[in-house]
Amino acid sequence: MSVIFSLESPYRGAWHLHRVSFGGPGRAAVAMVAGLHGHEVNGVHALNLVAGMLRVLRPRRPVHLLPCVNSIGAEEGRKRWPFDDRDINASFPGDPEGAAVERVAAAVMEATDAEVCVDVHSGAATVREHPHVRAPLSGVELEHARAMQLPVLWRRPAGRPEGGLIQAWQGAGRAALQARGGRGMALDVDDATALARGLVRLLAHLGVVGPQDPASGTIETDRVEDYRSVTGGFFVPEVSSGDRLSPGMLLGLVRNPLGGEPIEEVRARRAGLVLAVRLYPMVHAQELLVRVAE
């Protein structure tokens, strides 16, 4: 493990950005990042599991891991950089002479110069996401995503929010993927383990490590539907992330938080798999309740 960037912070001494590297010198075949959002700890655990496997597998080409970028946010369970409440993942490609988050973003870009880059996230603090990878509709990134064999591969049109790490990597000519699983503010060990195994299968696909055991079937889809609340209330889910659905199946009920009377019944419109489900029950109108991969 090495310190690749330091930043003076008030009252706490220097803050350090750490990188764990395997496979010797030269340009990395793969770089993996987690913990851009401090409260998303499943990615942190997933990359630490990958590190443990790489110590045994001895990769043939360099691999860089940045397991916990926003470590100060992680200490406090906060998504954003605590000092100015800015989102590191909205600050790419960064600026070495800019504000703190812009300098951190620039350091991450420099530290992840690799052929293939993966950004690992959890769901929001209110939502648990089934382990999945997001990739473009076609091209080499889609092939890399297929090699991960995660439970769901979500193919989406090109284009990412301005300032995001995926867009910055792609702008720098690097193949870029985003993998997600579990909840913010919680460690979902099974989800993190699934992510780690998918990441190692990607390394095997790229010839960095030897062959890995295949996973059972992946759902590949470009049809993902969000079910949102019509009104505010208290959402009680009837499904969990990863559940298989048939048309008409009850997904959950929005109830009156004072008295419990049903306000809204949410049912599946089509067959699919629960990609995400809201676990914090208090909802306002138009908030995500369930996301289904069809």
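The structure under discussion appears in the preceding block.
Everything numeric in this text was worked out from a predicted model, so none of it was measured.

Caption draft 1: Examining the overall build of the protein more closely. When helices and strands are tallied, the protein shows six helices and 17 strands. The C-alpha extent of the protein, read off along each of the three principal axes, is 60 × 50 × 30 Å. Split into buried and exposed, the 294 residues of the protein put 51% on the buried side. In the protein, 68% of the contacts between residues at least 6 apart in sequence involve partners at least 24 apart. Just so you have it, the protein exposes about 12,900 Å², and 50% of that area is on carbon and sulfur atoms. Here the protein contributes 32 positively and 33 negatively charged side chains, and the mean placements of these two sets differ by 4 Å.

Caption draft 2: Broad picture of the environment of Ile88. Inspection of the secondary structure assignment puts Ile88 in the loop between α2 (71-76) and α3 (100-111). By relative accessible area, Ile88 is classed as buried at 1%. As for Ile88 and His37, which are separated by 51 residues in sequence, their C-alpha atoms are 7.4 Å apart. If near-sequence neighbours (up to four positions away) are discounted, Ile88 is found in contact with Leu36, Val69, Asn70, Trp81, Val101 and Val104.

Caption draft 3: The arrangement of the layout of surface pockets in detail. Approximately 180 Å³ is the volume attributed to the second largest pocket. Around the second largest pocket, the lining residues are Gln149, Leu150, Pro151, Asp190, Ala194, Arg197, Arg201, Ala215, Ser216 and Gly217. Taken together, the residues of the lining of the second largest pocket sort by class into four nonpolar, three polar and three charged.

Caption draft 4: Quick peek at the environment of Pro62. If you trace the backbone, Pro62 turns up in the loop between α1 (41-57) and β4 (63-66). Judged by relative accessible area, Pro62 falls into the buried class, the value being 7%. In this structure, the C-alpha to C-alpha distance between Pro62 and Arg27, residues 35 residues apart in sequence, is 6.8 Å. Those residues in contact with Pro62 that sit more than four places away from it in its chain are Phe22, Gly23, Gly24, Pro25, Gly26, Arg27, Ala28, Ala29 and Val30.

Caption draft 5: Structural context of the nonpolar core. Core analysis: the largest hydrophobic core is formed by 36 residues, its most contacted members being Met32, Val50, Leu54, Leu65, Met148, Leu199 and Leu203. No other element matches the eight residues that helix α6 (residues 189-205) contributes to this core. With sequence-adjacent residues up to four places away left out, Met32 is seen in contact with Leu47, Val50, His64, Leu65, Leu66, Val118, Leu199 and Leu203. Residues Ala28, Ile72, Val104 and Ala105 belong to the second largest nonpolar core, which totals 28 residues.

Caption draft 6: Up close: the pairing of strand β6 (residues 127-136). Most of β6 is tucked away, with nine of its 10 residues classed as buried. Where β6 and strand β7 (residues 152-156) come together, five bridges link them in parallel fashion. Each residue of the ladder has a partner; that of Ala135, found in β7, is Arg155. Between the parallel pair β6 and β7, the chain is carried across by helix α4 (residues 140-148), and the sense of this crossover is right-handed.

Caption draft 7: Fine view of the packing of aromatic side chains. Summed over all chains, the structure comprises three aromatic pairs. Summarising the aromatic geometry, the rings of Trp15 and Trp81 are spaced 5.1 Å apart at their centres and angled 90 degrees between planes, so their arrangement reads as edge-to-face. Here Trp81 lies in the loop between α2 and α3 and Trp15 lies in strand β2 (residues 13-22), a separation of 66 residues in the sequence. Assigned by exposure class, Trp15 and Trp81 land together as buried. Between Trp81 and Phe83, the aromatic rings sit 6.1 Å apart at their centres with planes inclined by 65 degrees, giving edge-to-face as the arrangement. When its relative accessible area of 1% is taken as the criterion, Trp81 is described as buried.

Caption draft 8: Molecular detail of the sheet that holds strand β14 (residues 262-267). If you trace the four strands from one edge of the open sheet to the other, you get β14-β13-β11-β16, paired in antiparallel fashion. Either end of the sheet is taken by a strand with one partner, and the two such strands are β14 and β16 (282-283).

Caption draft 9: A look at the pairing of β4. Of the two faces of β4, the one holding Val63 and Leu65 and the one holding His64 and Leu66 are both buried throughout. Judged from the three bridges that link them, β2 and β4 form a sheet pairing that is antiparallel. Bridge assignment links Ser21 to a residue of β4, and that residue is His64. Direction of pairing for strand β3 (residues 28-34) relative to β4: parallel, over a ladder of four bridges.

Caption draft 10: The side chain of His121, seen in detail. Counting through the fold element by element, His121 comes out in strand β5 (residues 114-121). Among the polar contacts made by the side chain of His121, one reaches the side chain of Glu40 at a distance of 2.8 Å. Beyond its immediate chain neighbours, meaning those up to four positions away, His121 contacts Leu36, His37, Glu40, Asn89, Gln178, Ala179, Arg180 and Gly181.

The rules behind each value
Residues numbered from 1 in each chain as written. Predicted model: local features only at pLDDT ≥ 70, side-chain atom pairs only at ≥ 80, totals over all residues. Heavy atoms only, no water. Helix = DSSP H or I, 4+ residues; strand = E, 2+ residues; numbered from the N terminus. Buried < 20%, exposed > 50% of the residue type's maximum accessible area, 1.4 Å probe, protein only. Contact = heavy atoms within 4.5 Å. Areas by Shrake-Rupley, 256 points an atom, 1.4 Å probe, with all protein chains shown as cover. Lys, Arg positive; Asp, Glu negative; His and termini not counted. Charge placed at Lys NZ, Arg CZ, Asp CG, Glu CD. 1 Å grid on protein atoms, 1.4 Å probe; cavity = no way out; pocket = protein on both sides within 12 Å on 5 of 7 lines; lining within 4 Å. Points joined across faces, edges and corners; volume = space filled by probe spheres on them. Nonpolar A, V, L, I, M, F, W, Y, C, P; charged D, E, K, R; others polar. Core = buried A, V, L, I, M, F, W, Y, C linked by side-chain atoms within 4.5 Å. Pairing = 2+ DSSP bridges. Right-handed = clockwise from strand over helix to strand, strands pointing away. Phe/Tyr/Trp six-rings, centres within 6.5 Å; stacked < 30°, edge-to-face > 60°. Polar contact = N/O pair within 3.5 Å; in protein donor to acceptor, adjacent residues only side chain to side chain.

All quantities given are derived from atomic positions and should not be read as evidence of function.
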